[in-house]
Amino acid sequence: MHTYRDEVIDFWANIFRACRLSTAGLDLETFLEDPQQHLDQLGLSDAVEMLAGGHLPLLPEQAAVRREIDARYPLPEAPATPAPAARRLIAPLPTLVAQPI
């Protein structure tokens, strides 16, 4: 049996509840053994970021649908963005010369 600090238990227990992982047949003690691995296996690897951004993560059933859609319709790789070209001036900047009055 592992011993965890209260802060660790509180943090991961909040994630566990927000993701409703008990509906996936997972208990908190098992989840605490390797939380990120369980989230990854359930397709909820972004749960911590979602909560940090003020959003609720997907439910386990929704994550399963997302995994199925991602497997069936993979996103094409994004093309590499070219480096920005150096800026060239169209005309030289004018030189300000004081004119006698």
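Throughout this document, residue positions are counted from 1 along each chain, in the order its sequence is written. Per-residue local features of the predicted model are confined to residues with pLDDT of at least 70, and side-chain atom pairs are confined, for both listing and counting, to 80 or more; whole-chain, interface and lining totals are unaffected and use all residues. Computation of side-chain values: all heavy atoms of the structure, hydrogens and water removed.

Engineer: Quick question: what am I supposed to make of the environment of E61 here?
Structural biologist: Secondary structure elements are defined from DSSP: runs of H or I of at least 4 residues count as helices, runs of E of at least 2 residues count as strands, and each element is numbered from the N terminus. Position of E61 relative to the elements: it lies in helix α5 (residues 60–72). On the basis of relative accessible area, E61 is assigned to the partly exposed category, the value being 46%. Residues E61 and A24, 37 residues apart in the sequence, show an inter-C-alpha distance of 8.2 Å. Each residue is assigned to one of three classes by its accessible area relative to the maximum for its type, calculated with a 1.4 Å probe on protein chains only: buried under 20%, partly exposed between the two thresholds, exposed over 50%.

Engineer: Mind showing me how you'd approach unusual backbone geometry here?
Structural biologist: It is generally the case that most residues other than glycine have a negative phi and that most peptide bonds are trans. Residues other than glycine seldom take positive phi values, yet R20 does so here, at roughly 55 degrees. Secondary-structure assignment places R20 in the loop between α1 (6–18) and α2 (28–33). According to the relative accessible area criterion, R20 is partly exposed, its value standing at 42%.

Engineer: Looking at this structure, I do not really get a nonpolar patch on the surface. What am I missing?
Structural biologist: A patch consists of residues whose relative accessible area exceeds 30% and which take part in no salt bridge; residues with like charges are grouped when within 9 Å of each other, and nonpolar side chains (Val, Leu, Ile, Met, Phe, Trp, Tyr) when within 5 Å. Areas reported here follow the Shrake-Rupley algorithm with a probe of radius 1.4 Å; residue values treat only the protein chains shown as occluding. Each salt bridge in this description consists of a side-chain nitrogen of Lys or Arg and a carboxyl oxygen of Asp or Glu lying within 4 Å of one another. On the surface, V65, I69 and Y73 cluster together to form a nonpolar patch covering roughly 310 Å² of accessible area. Counting through the fold element by element, Y73 comes out in the segment after α5.

Engineer: Is there a simple way to explain α1 in this structure?
Structural biologist: Every α-helical turn comprises 3.6 residues, leaving residues that sit three or four positions apart pointing alike. For a helix, the expected span equals 1.5 Å multiplied by the residue count minus one. The terminal C-alpha atoms of α1 lie 18 Å apart, and with 13 residues this matches the ideal 18 Å at 1.5 Å per residue to within 8%. Three or more residues of α1 are buried, namely W12, A13, I15, F16 and A18. We call two residues contacting when some pair of their heavy atoms lies within 4.5 Å. Lining the buried residues of α1 we find α2, α3 (35–41) and α4 (47–52).

Engineer: Honestly, the confidence of the model for the protein chain in this entry has me stumped. Any pointers?
Structural biologist: Put simply, the protein chain has an average pLDDT of 85, and 80% of its residues get 70 or more. Residue-level confidence of the predictor, termed pLDDT, takes values from 0 up to 100. Ranking the elements of the protein chain by mean pLDDT puts α5 last with 93 and α3 first with 95.

Engineer: Sorry, what's going on with the pattern of salt bridges here?
Structural biologist: Pairing between side chains becomes possible if they bear opposite charge and their charged atoms approach one another. Taken as a whole and judged by the stated rule, the model has three salt bridges. Between R5 and E7 there is a salt bridge, with its nearest N and O atoms 3.3 Å apart. The partner of R72 in a salt bridge is E68, with the nearest N and O atoms 3.1 Å apart. Of the two residues, R72 and E68 both sit in helix α5, four residues apart, roughly one turn of that helix. Judged by its relative accessible area of 47%, E68 falls in the partly exposed class.

Engineer: For this particular structure, what's the right way to read the packing of aromatic side chains?
Structural biologist: Any aromatic ring pair is given by two values, namely how distant the centres are and how the planes are angled relative to each other. Only the six-membered ring of Trp is used, alongside the rings of Phe and Tyr, when aromatic pairs are assigned; centres must lie within 6.5 Å, and planes under 30 degrees apart are stacked while those over 60 apart are edge-to-face, with the rest tilted. Considering all chains together, one arrives at three aromatic pairs under this definition. When the centroid spacing of 5.9 Å and the interplanar angle of 75 degrees are considered together, the rings of W12 and F31 count as edge-to-face. A residue pair is termed long-range when its members are at least 10 positions apart, and W12 in helix α1 and F31 in helix α2 qualify at 19 residues. Considering the side-chain rings of F16 and F31, the 5.5 Å spacing of their centres and the 50 degrees angle between planes classify their relative orientation as tilted. Of the two residues, F16 sits in helix α1 while F31 sits in helix α2, which places them 15 residues apart along the sequence. Exposure remark for F16: the relative accessible area of 10% places this residue in the buried category. Grouping aromatic residues by their ring pairs yields a cluster made of F11, W12, F16 and F31.

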